[in-house]
Amino acid sequence: MIEFEHVSKTYETHNDENVALDDINIQIDDGEFVFILGHSGAGKSTFLKLIQMEEKPTKGRVIINGQDLTKMKRRKVPYLRRQMGVVFQDFRLIPTMTVYENVAFAMRVTNIPTKKIKSRIPYVLSLVGLEDKMDRLPDELSGGEQQRVAVARALAHGPKLIIADEPTGNIDPEMSLDIMQLFEAINKVNITVVVVTHEHELVHKLARKYNNRVIELANGMVASDTSHPEVARRYAARMAERENGYDDYEDYDDEE
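Residues numbered from 1 in each chain as written. Predicted model: local features only at pLDDT ≥ 70, side-chain atom pairs only at ≥ 80, totals over all residues. Heavy atoms only, no water.

Some points on the sheet that holds strand β1 (residues 2-12)
With antiparallel pairing, the four strands of this open sheet are ordered in space as β2-β1-β4-β5. Two strands bound the open sheet, and with one partner strand each, they are β2 (17-28) and β5 (67-68). Helix α1 (residues 44-51) rests against β1, β2 and β4 (59-64) of the sheet, and its axis sits at about 115° to β1. (Pairing = 2+ DSSP bridges. Helix = DSSP H or I, 4+ residues; strand = E, 2+ residues; numbered from the N terminus. Contact = heavy atoms within 4.5 Å. Axes fitted to C-alpha atoms, helices over the stretch in contact; angles between N-to-C directions.)

See below:
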């Protein structure tokens, strides 16, 4: 589903280079639920931009559904993005449109026929528990309900991949748990879910309960991966190499 093969991303500045990602190797399979965890500056935003083709890697390859994004022509990017649904931190709902109209608008821009829109919207709103609020405007909803509308909008065109960018950043802790449990339910119908967040406590609480995979980014590298314990050792060795100026992590390069 998602593969990062030795991906590095460097941004040129006036006097120096900013290394946002440094030799990232990640594979996320179909049907997985994965948290990408990290503090500000860890590389999470760059990770998302590469998946959505907002940026291209400086080195390495990014592969989505078997498509090598480093070779993808710009005119094919909209088709790539239609294969995924994205949930944003700030909801991005149109305030003058009802819940129904917000979801319908997202479907129309991808040229989905009107008949399918009319049948699909009640279904996706029922999935997020908002079928009785389709005529409400966004400001008549709580923050948690607005985020549920954003989730419904992301699901509307039937993607196999949902990406959530800090989905609990603008809602209270109780609602945050509800939203994460909603993603759990979505994942159970064979939709791959990738949640990018800085909320360590919430993630570890859910990961213990549902046995989710957690990949942590730090300093532009993969610092840990619950599916691959050797990654944490390799990260520690690479950080030691950075600090001490010598290569003391070669022994970890061939570990599986």
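Here's the deal with the packing of aromatic side chains
Overall, the coordinates contain two aromatic pairs when judged by the stated rule. Ring centres 4.8 Å apart and planes at 25° place the aromatic pair Phe4 and Phe47 in the stacked group. Taken as a pair, Phe4 in strand β1 and Phe47 in helix α1 lie far apart in primary sequence, 43 residues in all. On the accessibility criterion, Phe4 (2% relative accessible area) is buried. We classify Phe47 as buried; its relative accessible area is 1%. (Phe/Tyr/Trp six-rings, centres within 6.5 Å; stacked < 30°, edge-to-face > 60°. Buried < 20%, exposed > 50% of the residue type's maximum accessible area, 1.4 Å probe, protein only.)

Comments concerning the pairing of strand β3 (residues 33-37)
Along β3, five of the five residues are buried, which leaves the element largely enclosed by surrounding structure. The alternating pattern of β3 places Phe33, Phe35 and Leu37 and Val34 and Ile36 on opposite faces, both of which are buried. Two strands pair when backbone bridges link them, and β3 and strand β8 (residues 192-197) are joined in this way by five bridges, in the parallel orientation. If you follow Phe33 over to β8, its bridge partner there is Val193. Direction of pairing for β3 relative to strand β9 (residues 213-218): parallel, over a ladder of four bridges. Its bridge partner lying in β9, Ile36 is registered against Ile215.

Focus on helix α7 (residues 200-210)
Those residues of α7 that sit buried are His200, Leu202, Val203, Leu206 and Ala207. On an axial view of α7, the arc spanned by its buried residues comes to 160°, and they lie on one face. Facing away from the buried surface of α7 by more than 90 degrees, the exposed residues are Glu201, Arg208 and Lys209. Buried residues along α7 sit against β3, α6 (173-187), β8 and β9. Of the residues one or two after α7, Asn211 is the one with positive phi, at around 60°. (Arc of directions from axis to C-beta.)

A word on the pairing of β8
Most of β8 is tucked away, with six of its six residues classed as buried. Burial of β8 is two-sided: the residues Thr192, Val194 and Val196 facing one way and the residues Val193, Val195 and Thr197 facing the other way are all buried. Note: strand β7 (residues 161-165) against β8, five bridges, orientation parallel. Across the sheet, residue Asp165 finds its bridge partner in β8, namely Val196. At this point the chain moves from β7, through α6, to the parallel β8, and the crossover so formed is right-handed. (Right-handed = clockwise from strand over helix to strand, strands pointing away.)

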